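Structure assessment
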Amino acid sequence: KAGVTQTPRYLIKTRGQQVTLSCSPISGHRSVSWYQQTPGQGLQFLFEYFSETQRNKGNFPGRFSGRQFSNSRSEMNVSTLELGDSALYLCASSFGTGVTGELFFGEGSRLTVL
Amino acid sequence: QQQVKQSPQSLIVQKGGISIINCAYENTAFDYFPWYQQFPGKGPALLIAIRPDVSEKKEGRFTISFNKSAKQFSLHIMDSQPGDSATYFCAAVGGSYIPTFGRGTSLIVHP
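Now for a look at the structure at hand. This one's a predicted model, so the numbers in the text were calculated from it and none came from an experiment. (Residues numbered from 1 in each chain as written. Chains lettered and ligands numbered in written order. Predicted model: local features only at pLDDT ≥ 70, side-chain atom pairs only at ≥ 80, totals over all residues. Heavy atoms only, no water.)

**Overview of the state of the cysteines**
Residues and elements named next belong to chain A.
- Taken as a whole and assessed by the stated rule, the structure comprises two disulfides over all chains.
- Covalent S-S linkage joins Cys23 and Cys91, the inter-sulfur distance amounting to 1.8 Å. Residues Cys23 and Cys91 are joined through a disulfide that is left-handed, its torsion about the S-S bond being -55°. You can see Cys23 sitting in strand 3 (residues 19–24) and its partner Cys91 sitting in strand 9 (residues 87–94), a full 68 residues away along the chain. (Disulfide = S-S within 2.5 Å. Helix = DSSP H or I, 4+ residues; strand = E, 2+ residues; numbered from the N terminus.)

**Quick notes on the packing of aromatic side chains**
- As enumerated under the stated definition, the model contains 17 aromatic pairs over all chains in all.
- Look at Phe105(A) and Tyr36(B): their rings are 5.7 Å apart centre to centre, the planes differ by 85°, and that puts the pair in the edge-to-face class. Here Phe105(A) is found in strand 10 (residues 104–105), whereas its partner Tyr36(B) is found in strand 4 (residues 33–38) on a different chain.
- Taking relative accessible area as the criterion, Phe105(A) reaches 12% and is therefore assigned buried.
- Classification of Tyr36(B) by relative accessible area gives buried; the value is 1%.
- Relative to Phe101(B), the ring of Phe105(A) has its centre 6.3 Å away and its plane inclined at 65°; by these criteria the two rings are edge-to-face. In this pair, Phe105(A) is assigned in strand 10 and Phe101(B) in strand 10 (residues 100–101), connecting two distinct chains.
- Phe101(B) gets classed as buried once you look at its relative accessible area, which sits at 7%.
- By the ring-pair criterion, three or more aromatic residues cluster together here, those being Tyr35(A), Phe45(A), Phe105(A), Tyr36(B), Phe89(B) and Phe101(B). (Phe/Tyr/Trp six-rings, centres within 6.5 Å; stacked < 30°, edge-to-face > 60°. Buried < 20%, exposed > 50% of the residue type's maximum accessible area, 1.4 Å probe, protein only.)

All quantities given are derived from atomic positions and should not be read as evidence of function.
The structure is reproduced here in C-alpha cells:
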C-alpha cells in the first residue's frame, strides 16, 4: 500500500513569491491535514480537508490556503512568501471519521525562502 | 497558548538506559494520546497511543504511563538503543480528530 506522497520535496523561493505544494493521501483516506514544522515551534496545524471541504483550520494568516480534490489529493498554497515561512510542510492523511486514529505523514516539502 | 507541554526538549541517554519524556495537557476533552517518532528526513510515524480509560500501555520496549487526574502522560523507552535516536512528539486529540502536538524531544542514544 503506497504511503502519503508529497511533492516537491525541496524548493527554494524568494520573498514575495508564491508556492504550491501537493499531497497524495493513502488510498481510501478522505482526510488530509497540513502541518508546518519548524525547530522552534514544532508541529503547527494549518488546516484539514475532508471530502473536499475545509473542516478545521489553524491559526495561520490568510496567505496560507489549501484545497482538496474529488480524489482526495490536496494542495496548499502560500502567497507573498516571507522569510519566516521557511519550514518543513507536512501532509498527513487519515480516514477522518469514526474513532480517532492514526495520522499517516508524508516525508514533507522543505521550503526555503530567501 | 500551548495546550500540550512536552519536556525535556532534548535528551541524551546511554545505550541500555531508560529514556523518559513527559507531557502535560490542559483540555479535559482530549480522549486520545498518541506518540509519534520522527527520524531525520522523514515524516512522523505513530509509535504508540493510549486512551484515558487505561493507566498504562506497553508495546515492546515502549510504555505510555497516563495520569488522568494530573493530566499528564509520559513515554518510557526501556533498554534504549542507538536506533531509537529520533525526535519524539506527544499529542492529544479531542473530538475534532486534529492532534495538538507537543514541541518535540530530540533523543540521542549513545552507543
